[in-house]
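The residues making up each chain are set out below.
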Amino acid sequence: MERADGFDHQRLVVVPRPLVDAALARGVTRRILVTDAGYFPRADQHGRHRETGAAETIVIVCVGGAGWLEVGGSRVRVGPGGAIVLPAGTPHAYGAGEGDPWTIWWAHVRGSDVSELVEACGIRPDTPLLSLRALDRITALLDEIVSSLERDMTPARLVATSGMAWRLMTQLAVDRLLPEDGTPVERAMRYLQERVDGHVQVGELAALVGVSPSHLAALFRQATGGGVVAHHLSLKMARARRLLDTTDLTVAEIARQVGVDDAFYFSRQFRKIHGTSPTAYRAHRKG
């Protein structure tokens with residue numbers, strides 16, 4: 001027998017559907033709205049089968065034990081650090097594993113922007129499972145959502161939880177892109193960060209982190225959208241902007257601080273990226 005709720009020490013909040021309808025007709029909350037959320041510790045015999053999916057997009061994060069997910073006739077195990085993102089209308093079934101049932105945080109969301117946020121997470125109907133790196137950060141957001149709705153469900157509170165839900169979905173999207181500590185691309189990025197004022201050869205960097213130059217280039221494209229050299233240049237320009245904003249160093253001195261000996265070349269690169277010269281950037285009022 002599978003249960004939908006009723007677990008010892010569970011937390012569960014459900015926004016009344018008239019309030020949901022009203023919120024989906026208002027400005028901010030029409031874009032993303034939390035309709036239900038909760039925390040189920042050691043949810044023995046927990047399970048749901050939805051042959052036509054749900055009206056909301058469902059997010060489930062497993063923090064302990066194990067469970068399972070079935071989509072498209074295929075069943076997969078979900079362990080600690082696993083996140084399920086089920087787009088609205090996706091037929092599915094899920095439940096707690098036997099012996100060591102899962103502990104989960106979960107939320108249901110609706111709104112006009114949800115499908116784009118799901119797409120940003122890399123979710124497709126046949127691949128609704130993510131492996132999380134920033135588990136604590138994501139569960140903290142879910143805890144914040146539940147705690148907020150436990151206080152009240154006023155329009156202001158629903159706006160607040162909409163912001164939390166946006167952060168939750170974008171964190172899920174970013175989590176899969178950020179390099180994991182100790183991986184070749186993370187070590188390479190850290191190496192470049194520590195040598196903003198130097199010159200680095202791609203081949204030497206690849207050898208240092210133990211991959212081929214072509215593989216390192218592919219890893220950088222996946223993580224940053226560009227290549228190794230482009231990423232190093234972006235780090236140099238970030239430091240240059242900071243120096244322009246916070247010091248009285250000349251443009252030539254700043255160029256040397258970021259490892260560029262030719263001030264004219266530095267200025268051309270700066271203009272290419274920022275659309276303005278270093279001098280004009282410094283003169284522009286900010287803040």
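Being a predicted model, the structure only gives us computed values, none of them experimental.

Once that is clear, we can look at the overall build of the protein. Regarding its fold elements, the protein presents 11 helices and 10 strands. The globule rule puts the C-alpha radius of gyration for 287 residues at 19 Å, and the 24 Å found for the protein is more than 25% above it. Dimensions of the protein, computed from the C-alpha atoms along their principal axes, are close to 70 × 45 × 30 Å. Counting across all 287 residues of the protein, residues that qualify as buried make up 44%. Taking all contacts inside the protein whose residues are at least 6 apart in sequence as the whole, residues at least 24 apart take part in 72%. On the protein, roughly 14800 Å² of surface is accessible, and the fraction owed to carbon and sulfur atoms is 51%. Charged side chains in the protein number 34 positive and 32 negative. The centres of these two groups are separated by 7 Å.

Using the criterion set out here, one finds zero disulfides in the structure. Left unpaired, cysteine 62 is separated from the closest cysteine sulfur, that of cysteine 121, by 18 Å. In this structure cysteine 62 comes out as buried when scored by relative accessible area, which is 1%.

For the rest of this paragraph, the subject is the sheet that holds strand β3 (residues 47-50). Strand order in the open sheet made by the four strands is β3-β8-β5-β6, with antiparallel pairing throughout. Pairing within the sheet leaves two strands with one partner each, and these edge strands are β3 and β6 (74-78). Here the average twist between neighbouring strands, direction ignored, is 15 degrees. Pairing between strand β5 (residues 67-71) and strand β8 (residues 92-96): four bridges, direction antiparallel. Note on β8: the bridge partner recorded for glutamate 70 is alanine 93.

Attention shifts here to the nonpolar core. Formed by 35 residues in total, the largest nonpolar core has its most connected members in Leu130, Met169 and Leu172. Sorting the residues of this core by element identifies α1 (17-23), β2 (33-40), β4 (57-64), β7 (82-86), β9 (103-110), α2 (114-120), α3 (135-151) and α4 (155-175) as the ones contributing at least two each. The element that contributes the greatest number of residues to this core is α4, accounting for seven residues. Every residue in contact with leucine 172, bar those within four places of it in the chain, is listed here: Val59, Ala83, Val85, Cys121, Leu130, Leu132 and Ile138.

Turning our eyes to something else, we now look at the pairing of β9. Burial analysis of β9 places seven of its eight residues in the buried class, which makes it a mostly covered element. Taken together, the seven bridges between β2 and β9 define a ladder with antiparallel strand orientation. Counterpart to tyrosine 39 in the pairing with β9 is tryptophan 105. Note that β4 and β9 share seven bridges and pair antiparallel. Each residue of the ladder has a partner; that of glycine 64, found in β9, is threonine 103.

The next thing to look at is the sheet that holds β7. A sheet is described by the order of its strands in space; here six strands give the open sequence β1-β2-β9-β4-β7-β10, paired in antiparallel fashion. Two strands bound the open sheet, and with one partner strand each, they are β1 (11-14) and β10 (129-131). Pairwise comparison of adjacent strand axes, ignoring direction, gives a mean angle of 15 degrees for this sheet. With four bridges connecting them, β4 and β7 associate as antiparallel partners. Looking across to β7, one finds that isoleucine 58 is bridged to leucine 86. Contacts from α4 reach β2, β4, β7, β9 and β10 within the one sheet, and its direction differs from that of β2 by about 70 degrees.

With that out of the way, let us pick up the layout of surface pockets. What the largest pocket holds in volume is close to 320 Å³. As for the largest pocket, its lining consists of 18 residues, of which Gly198, His199, Val229, His232 and Lys236 are closest to the centre. Top contributing element to the lining of the largest pocket by residue count: helix α8 (residues 228-246), with six residues. Split by residue class, the lining of the largest pocket holds 10 nonpolar, six polar and two charged.

For the rest of this paragraph, the subject is the pattern of salt bridges. Under the definition given, this model contains 11 salt bridges. Glutamate 194 is paired through a salt bridge with arginine 195; the nearest N and O atoms lie 3.4 Å apart. Its relative accessible area of 53% is what places glutamate 194 among the exposed residues. Residue classification places arginine 195 among the partly exposed residues on the basis of a relative accessible area of 30%. The structure contains a network of salt bridges with shared partners spanning Arg11, Asp143 and Glu150.

What counts, and at which threshold
- Residues numbered from 1 in each chain as written.
- Predicted model: local features only at pLDDT ≥ 70, side-chain atom pairs only at ≥ 80, totals over all residues.
- Heavy atoms only, no water.
- Helix = DSSP H or I, 4+ residues; strand = E, 2+ residues; numbered from the N terminus.
- Rg over C-alpha atoms; globule rule 2.2 N^0.38 Å.
- Buried < 20%, exposed > 50% of the residue type's maximum accessible area, 1.4 Å probe, protein only.
- Contact = heavy atoms within 4.5 Å.
- Areas by Shrake-Rupley, 256 points an atom, 1.4 Å probe, with all protein chains shown as cover.
- Lys, Arg positive; Asp, Glu negative; His and termini not counted.
- Charge placed at Lys NZ, Arg CZ, Asp CG, Glu CD.
- Disulfide = S-S within 2.5 Å.
- Pairing = 2+ DSSP bridges.
- Axes fitted to C-alpha atoms, helices over the stretch in contact; angles between N-to-C directions.
- Core = buried A, V, L, I, M, F, W, Y, C linked by side-chain atoms within 4.5 Å.
- 1 Å grid on protein atoms, 1.4 Å probe; cavity = no way out; pocket = protein on both sides within 12 Å on 5 of 7 lines; lining within 4 Å.
- Points joined across faces, edges and corners; volume = space filled by probe spheres on them.
- Nonpolar A, V, L, I, M, F, W, Y, C, P; charged D, E, K, R; others polar.
- Salt bridge = Lys/Arg side-chain N within 4 Å of Asp/Glu carboxyl O.

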